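# Residue-level structure breakdown
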Amino acid sequence: MANEINITMTAKDLASGKIKGVGKSAQSTAEKLRGMRGSFLAVGAAGAAIVGILGKFTKSSLDQQVGINRLDNALKNANTSYAANKKAIEEVIGAIQDKTNFGDEEQRASLTSLLALTGDYSTSLRALGVVTDLAAALGMDLNAASLLLGKALSGNISALSRYGIQLDSTATNTEILAALTAKFGGAAEAASDPVTKLKNRLGDVAQVMGDVLLPIINALLPPIESFTKKFIGFAEANPGLTK
């Protein structure tokens, strides 16, 4: 009987020791993970910051491409294309941006509106500089000025009379542009400021960076998405690490 009692007690002691050992190991692991909580949070914060910066660059690039696609569609409706006229278009846009507050994306949108209303590529491109002067002189945004001039160039000259611009109803598009240049020429350049021009240039840098990064990001998205899902799953399974 004594032997049986001794054996039983020894087994209990051993079992208790093993359980305590497992408990200590689990507690130690939990403490280590809690100690790593700051690292997890730092990784998450750093990742969010990087994604935010890259996101701004790539969004700028994507926005520019959307603008070009819209312009290309308007050009195709006028029986030409952006590819066929890219050099001429970008030279005009660049020259205007150098002297005024109007950035490249804003100008492409303006040219798209002019094309949609006139259906004439040559006239619309010549009107781009005129419409920036018109917008600056009348204190209008470029989109509104583009719609106003586009209507005039498509035959609705009376639209200009509401703003004190009187033209003969038989005036040709060349005469309309010449009259507006004589009245408002140089207004956009006179209204330019260095801060806005610098902002436009920084936007151009972001677009270039986005153009470079976009293919790389597209290639990295699948593994990043996979890692993100695993990280979220781990964080949800271990809520104490993020509290």
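Residues numbered from 1 in each chain as written. Predicted model: local features only at pLDDT ≥ 70, side-chain atom pairs only at ≥ 80, totals over all residues. Heavy atoms only, no water.

## Quick look at the overall build of the chain
From N to C terminus, the chain includes ten helices and zero strands. Across the chain, helices and strands are ordered from the amino to the carboxyl terminus as α-α-α-α-α-α-α-α-α-α. Scored against the burial criterion, the 243 residues of the chain give a buried share of 29%. In the structure as shown, the chain presents an accessible area of about 14600 Å², 61% of it carried by carbon and sulfur atoms. (Helix = DSSP H or I, 4+ residues; strand = E, 2+ residues; numbered from the N terminus. Buried < 20%, exposed > 50% of the residue type's maximum accessible area, 1.4 Å probe, protein only. Areas by Shrake-Rupley, 256 points an atom, 1.4 Å probe, with all protein chains shown as cover.)

## Structural notes on the pattern of salt bridges
A full pass over the atoms with the stated rule returns four salt bridges. The salt bridge involving Glu90 is made with Arg108; its shortest N-O contact spans 3.1 Å. Of this pair, Glu90 sits in helix α3 (residues 82–99) while Arg108 sits in helix α4 (residues 104–118), and the two are 18 residues apart along the sequence. The buried category is assigned to Arg108, whose relative accessible area is 4%. For Asp104, the salt bridge goes to Arg108, with nearest N and O atoms at 3.6 Å. Remark: Arg108 and Asp104 occur in helix α4; sequence separation between them is four residues, near one turn of the helix. Residues Asp104 and Arg108 agree in their burial class; the two are buried. Overlapping salt bridges, with partners in common, bring together Glu90, Asp104 and Arg108 in one network. (Salt bridge = Lys/Arg side-chain N within 4 Å of Asp/Glu carboxyl O.)

## Points about the packing of helix α5 (residues 121–138) against helix α6 (residues 142–153)
Look at α5 against α6: their axes get within 9 Å of each other, and the N-to-C directions meet at 130°. Viewed along their axes, α5 and α6 adopt a mutual orientation that is oblique. Seen along the crossing, α5 lies across α6 with a hand that is right-handed. In this structure, α5 contributes Thr123, Ala127, Val130, Val131, Thr132, Leu134 and Ala135 to the contact, and α6 contributes Leu142, Ala145, Ser146, Leu148, Leu149 and Leu153. For the contact of α5 with α6, the residue count by class is ten nonpolar, three polar and no charged. (Axes fitted to C-alpha atoms, helices over the stretch in contact; angles between N-to-C directions. Parallel < 35°, antiparallel > 145°, perpendicular 65-115°, else oblique. Left-handed = near helix turned anticlockwise from the far one by under 90°. Contact = heavy atoms within 4.5 Å. Nonpolar A, V, L, I, M, F, W, Y, C, P; charged D, E, K, R; others polar.)

## So, the nonpolar core
It is characteristic of soluble globular proteins that their nonpolar side chains tend to be buried jointly. Formed by 38 residues in total, the largest nonpolar core has its most connected members in Ile89, Leu115, Leu149, Ile176 and Leu180. Elements represented by at least two residues in this core include exactly α2 (37–77), α3, α4, α5, α6, α7 (158–161) and α8 (173–184). (Core = buried A, V, L, I, M, F, W, Y, C linked by side-chain atoms within 4.5 Å.)

## Considering the environment of Asn77
Examined against the element boundaries, Asn77 turns out to sit in helix α2. The exposure class of Asn77 is exposed, given its relative accessible area of 63%. Taking C-alpha positions, Asn77 is 8.0 Å from Ala116, a pair spaced 39 residues apart along the chain.

## Considering α4
A rise of 1.5 Å per residue sets the reference length of α4, with its 15 residues, at 21 Å; its end C-alpha atoms lie 21 Å apart and thus fit the reference within 8%. Asp104, Gln107, Arg108, Ser110, Leu111, Thr112, Ser113, Leu114 and Leu115 are the residues of α4 that are buried. Gly119, located one to two residues past α4, shows a positive phi value of around 70°. (Expected span 1.5 Å × (residues − 1).)

## Let's talk about the side chain of Thr123
For Thr123, the position within the fold is in helix α5. Thr123 sits in the buried class, given a relative accessible area of 5%. With near-sequence residues (within four places) excluded, Thr123 lies in contact with Leu153, Asn173 and Leu177.

## Points about the environment of Gln107
Looking at the secondary structure, you find Gln107 in helix α4. Residue Gln107 is classed as buried on the basis of its relative accessible area, which comes to 0%. Between the C-alpha atoms of Gln107 and Gln97, which are ten residues apart in sequence, the distance is 8.6 Å. If we skip the residues at most four places from it in the chain, Gln107 touches Val92, Ile93, Ile96, Gln97, Phe102, Leu128 and Leu142. Within the structure, the side chain of Gln107 is placed 3.1 Å from the backbone oxygen of Ile93, a separation counted as a polar contact. (Polar contact = N/O pair within 3.5 Å; in protein donor to acceptor, adjacent residues only side chain to side chain.)

## Quick word on α3
Compared with an ideal rise of 1.5 Å per residue, which puts 18 residues at 26 Å, α3 spans 24 Å between its outermost C-alpha atoms and is within 8% of the ideal. The largest bend along α3 measures about 35° and falls at Ala88. With a side-chain oxygen lying 3.2 Å from the backbone nitrogen of Ala84, the N-terminal cap of α3 falls on Ser81. (Bend = angle between axes of the 7 residues up to and from the residue.)

## Observations regarding the confidence of the model for the chain
For the chain, the mean per-residue pLDDT works out to 80, and 68% of the residues sit at or above 70. The low-confidence segment residues 4–9, where pLDDT is below 50, has zero contacts with residues more than four positions distant or belonging to other chains. (pLDDT = per-residue confidence, 0-100.)

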